[in-house]
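# Inside the fold
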Amino acid sequence: MKIPMSVAAAGLLRSLLARAGSSQNRILLIECRSVEWQSLTFVGERHRMCVRVPGPEANKIVASLTSGLGDAEFSIPGQIVADIGLAKPPLRESDGSIVIDFEALTIVE
């Protein structure tokens, strides 16, 4: 199934996956939603991304994705990540995988 996403959402996902280093191929995108957002001076998008990290070493991968997330620098051409965090604490599933629910605000540079 193809998940349509905006350029900003795709850049944000690539940046999040890069935080996992060589383990990024173990991260499964299970949901992605973006909505337009604007204030009096800025235009951008609010994003909600949910990923699943399966199997062995899931704790290590989740730690690399979430540690220092609020202070992380993201490189997304034409976008600034104004805010990013976890929508709720990571959830361990019965199969040992961990689900992470991210929320972020990107604004156009």
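These notes cover the structure that comes with them. These numbers come from a predicted model, not from an experiment.

## Observations concerning the overall build of the protein chain
The secondary structure content of the protein chain amounts to 2 helices and 4 strands. Reading the helices (α) and strands (β) of the protein chain from amino to carboxyl end gives α-β-β-α-β-β. Whereas a compact globule of 109 residues would reach a radius of gyration of roughly 13 Å, the protein chain reaches 14 Å, a difference of no more than 12%. On the principal axes, the C-alpha backbone points of the protein chain span a range of 45 × 30 × 25 Å. Residues classed as buried in the protein chain amount to 37% of the 109 residues present. Counting contacts in the protein chain only where the partners sit at least 6 residues apart, residues at least 24 apart contribute 65% of the total. A total accessible area of about 6,600 Å² is found for the protein chain, and carbon and sulfur atoms account for 54% of it. Each charge class in the protein chain can be summarised by its mean position, and for the 11 positive and 12 negative side chains these summaries are 6 Å apart.

## A closer look at the pairing of strand S1 (residues 28–38)
The sheet contact formed by S1 and strand S2 (residues 43–53) spans 10 bridges and is antiparallel. By the bridge assignment for S2, Arg33 is matched with Arg48. Connecting S1 to the next strand, S2, in antiparallel fashion are 4 residues.

Criteria and thresholds
- For every chain, the first residue of the written sequence is number 1, and numbering continues from 1 onward in sequence order.
- Since the coordinates come from a predicted model, pLDDT governs what is reported: local features require at least 70, and pairs of side-chain atoms require 80 or more to be given and counted, while whole-chain, interface and lining totals use all residues.
- As a convention, hydrogens and water are excluded, and side-chain values are obtained from all of the structure's heavy atoms.
- Going along the chain from the N terminus, every DSSP run of H or I of four or more residues is numbered as a helix, and every run of E of two or more is numbered as a strand.
- We compute the radius of gyration from the C-alpha atoms alone; for a globule the expected value is 2.2 Å times N to the 0.38, where N is the number of residues.
- Type-normalised accessible area, obtained with a 1.4 Å probe on protein chains alone, sets the label of each residue: buried when under 20%, exposed when over 50%, and partly exposed for intermediate values.
- It only takes one pair of heavy atoms within 4.5 Å for two residues to be counted as in contact.
- Using a 1.4 Å probe, the Shrake-Rupley method yields the accessible areas, and only the shown protein chains count as cover for residues.
- In summary, the charge assignment counts Lys and Arg as positive and Asp and Glu as negative, without counting His or the chain termini.
- For the purpose of locating charges, the reference atoms are NZ of Lys, CZ of Arg, CG of Asp and CD of Glu.
- Between any two strands, pairing holds if DSSP finds at least two bridges.

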